[in-house]
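Chain by chain, the residues run as shown.
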Amino acid sequence: MSLITLITDFGSVYPAAMKGVILGIDPRATIVDISHTVPQGDIRAGAFALYSVVPYFPVGTVHVAVVDPGVGTARNSIVISAGGHLFVGPDNGLMVPAASRLGKIEVRKITNLGLLGDVSATFHGRDVFARIGAYLSEGMPLQEVGEKTLDHVHLDFGMVEVSETSITGQVIYIDDFGNVITNIRAADVLGLIRFGEVVHIFYRKMPVIRTYGLVDEGKLLALVGSHGFLEIAVNKGNASKELDVLCNDPVKLIFSKK
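Predicted model, so just to flag it, every value in this text is computed and none were measured.

### Observations concerning the pairing of strand E9 (residues 166–174)
Part 1 of the reasoning: Here strand E8 (residues 161–162) pairs with E9 via two bridges, running antiparallel. The residue of E9 that forms the bridge with Val162 is Ile167.
Part 2 of the reasoning: As consecutive antiparallel partners, E8 and E9 are separated by three residues.
Part 3 of the reasoning: Connecting E9 to the next strand, strand E10 (residues 180–185), in antiparallel fashion are five residues, including Gly178 with a positive phi near 85°.

Structure representation (structure tokens):
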């Protein structure tokens, strides 16, 4: 069985064209939608979403990832191989955190134009990445895509600064519940703050606890989510709206000095 995941910022309609291309090449493919509601043009948010789910797919999965504000420009199209998975998409860093999570990466530029038909300047998701993903899922050798390269765009989730009384980072994702996910990792938090301790984030007090239901409905909380990063939430509410917070906003957690 061939398995292809899709993650884009396309919303409705356009992903269907990608699926049509894939199934026209590999009609046996199983297609799994990770998300098509990544904030438009937000490469880091897309990278986080892909990073969060990739370990749960089996070896042999092909991930087609398209958050591509540079579509049609001189940026490269690439395939990354890592940990038995393949990632197909633009060379803008989108796929690097997820691929690196699986192991050592190998990057190839998509230079074999004979694999492509007519290519729109604005829809490489359909005309390049879906096609290449389908060929790879059907068993095409990776080397047929193009040559290896060491020159690719790197992306990470940004710097975190830790002091005696604060941890400073950045919002990298807001999920469909309105939970505000930061780039502050569990290791940054759990050695400094006890569960149940009250901290200040976005100028509001909230406890650091293990799960949402340990505060009253409508109350703010901070926890380490299932993805391993600090998130701010409201029990049965929307923290992003409550705090007026967006992706890429700075975040500072202030706690008492021990």
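The rest of the description comes next.
### Observations concerning the nonpolar core
Part 1 of the reasoning: Formed by 29 residues in total, the largest nonpolar core has its most connected members in Phe48, Leu50, Ile80, Phe87, Met95, Phe157 and Phe229.
Part 2 of the reasoning: Of all the secondary-structure elements, those providing two or more residues to this core are helix H2 (43–53), strand E4 (77–82), helix H3 (96–102) and E9.
Part 3 of the reasoning: Here this core gets seven residues from one element, more than from any other, and that element is H2.
Part 4 of the reasoning: Those residues within four positions of Met95 in sequence are excluded, and the remaining contacts are Leu50, Ala65, Ile78, Ile80, Phe87, Val88, Gly89 and Pro90.
Part 5 of the reasoning: With 26 residues, the next largest nonpolar core counts Met18, Ala29, Leu116 and Phe123 among its residues.

### Re the environment of Val199
Part 1 of the reasoning: In this structure, Val199 sits in strand E11 (residues 198–201).
Part 2 of the reasoning: Val199 sits in the buried class, given a relative accessible area of 0%.
Part 3 of the reasoning: For the pair Val199 and Ser256, spaced 57 residues apart in the sequence, the C-alpha separation amounts to 7.7 Å.
Part 4 of the reasoning: Those residues in contact with Val199 that sit more than four places away from it in its chain are Ile193, Arg204, Lys205, Met206, Val208, Leu253, Ile254 and Phe255.

### Quick word on the layout of surface pockets
Part 1 of the reasoning: Its boundaries defined by the atoms lining it, the largest pocket holds a volume of some 250 Å³.
Part 2 of the reasoning: Class assignment of the residues belonging to the lining of the largest pocket gives a composition of six nonpolar, five polar and four charged.
Part 3 of the reasoning: Of the volumes computed, that of the second largest pocket is approximately 170 Å³.
Part 4 of the reasoning: What lines the second largest pocket is simply Asp9, Phe10, Tyr14, Val66, Asp68, Val71, Thr122, Phe123, His124 and Gly125.
Part 5 of the reasoning: The class makeup of the residues in the lining of the second largest pocket is five nonpolar, three polar and two charged.

### Brief notes about the sheet that holds strand E1 (residues 3–8)
Part 1 of the reasoning: Spatial ordering of the open sheet is given by E2-E1-E3-E5-E4-E6-E7, a layout of seven strands whose pairing is mixed. The sheet is open, and its two borders are formed by strand E2 (30–35) and strand E7 (148–149), each paired with just one other strand.
Part 2 of the reasoning: As paired elements, E4 and strand E5 (residues 85–90) share six bridges and run antiparallel to each other. By the bridge assignment, Ile80 is partnered in E5 with Phe87.
Part 3 of the reasoning: Contacting E1, E2 and strand E3 (62–66), helix H1 (residues 14–25) crosses the sheet at an angle of about 160° to E1.
Part 4 of the reasoning: On top of the sheet, helix H4 (residues 124–137) reaches E1, E3, E4 and E5; it is set at about 170° to E3, its chief contact.

### Looking at the pairing of strand E13 (residues 220–224)
Part 1 of the reasoning: For E13, the buried fraction is high: four of the five residues fall into the buried class.
Part 2 of the reasoning: One ladder, built from five bridges, connects E13 with strand E14 (residues 229–234); its direction is antiparallel. Opposite Leu223, over in E14, you have Glu231 as the bridge partner.

### Quick word on the pattern of salt bridges
When their charged atoms lie close together, side chains carrying opposite charge are able to pair.
Part 1 of the reasoning: Scanning the model with the defined rule gives eight salt bridges in all.
Part 2 of the reasoning: Two residues, Arg28 and Asp26, come together in a salt bridge whose shortest N-O distance is 4.0 Å.
Part 3 of the reasoning: On the basis of relative accessible area, Arg28 is assigned to the exposed category, the value being 63%.
Part 4 of the reasoning: Classification of Asp26 as buried rests on a relative accessible area of 0%.
Part 5 of the reasoning: Each of Glu106, Arg108 and Lys148 takes part in a single network of salt bridges with overlapping partners.

What counts as what
- Every chain's residues receive numbers from 1 upward, in the order its sequence appears when written.
- In keeping with the model being predicted, local features are shown solely for residues with a pLDDT of at least 70 and side-chain atom pairs are shown and tallied solely at 80 or more, while totals for entire chains, interfaces and linings include all residues.
- Hydrogens are left out, water is left out, and the side-chain values use all remaining heavy atoms of the structure.
- Think of it this way: DSSP has to see at least two bridges between two strands before they count as a pair.
- A helix here means a DSSP run of H or I that spans at least four residues, while a strand means a run of E at least two residues long, and both kinds are numbered starting from the N terminus.
- The set of buried Ala, Val, Leu, Ile, Met, Phe, Trp, Tyr and Cys residues whose side-chain atoms join them within 4.5 Å is what this entry labels a nonpolar core.
- For every residue, the accessible area (1.4 Å probe, protein chains only) is compared with the maximum for its type, and the residue is labelled buried under 20%, exposed over 50%, or partly exposed between those bounds.
- By definition in these notes, contact holds between two residues if any of their heavy atoms fall within 4.5 Å.
- Of the two site types, the cavity is a set of points on a 1 Å grid over the protein atoms alone where a 1.4 Å probe fits but cannot get out, and the pocket is an open set with protein on both sides within 12 Å along at least five of seven lines, each lined by residues with an atom within 4 Å of a point.
- Grid points are joined across faces, edges and corners, and a volume is the space filled by probe spheres set on the points.
- Residue polarity follows a fixed list, in which Ala, Val, Leu, Ile, Met, Phe, Trp, Tyr, Cys and Pro are nonpolar, Asp, Glu, Lys and Arg are charged, and the others, Gly among them, are polar.
- Here an axis means a line fitted to C-alpha atoms, over the contact stretch when the element is a helix, while the angle between two N-to-C directions is reported on a 0 to 180 degree scale.
- Between Lys or Arg on one side and Asp or Glu on the other, a salt bridge is scored when a side-chain nitrogen of the former is within 4 Å of a carboxyl oxygen of the latter.

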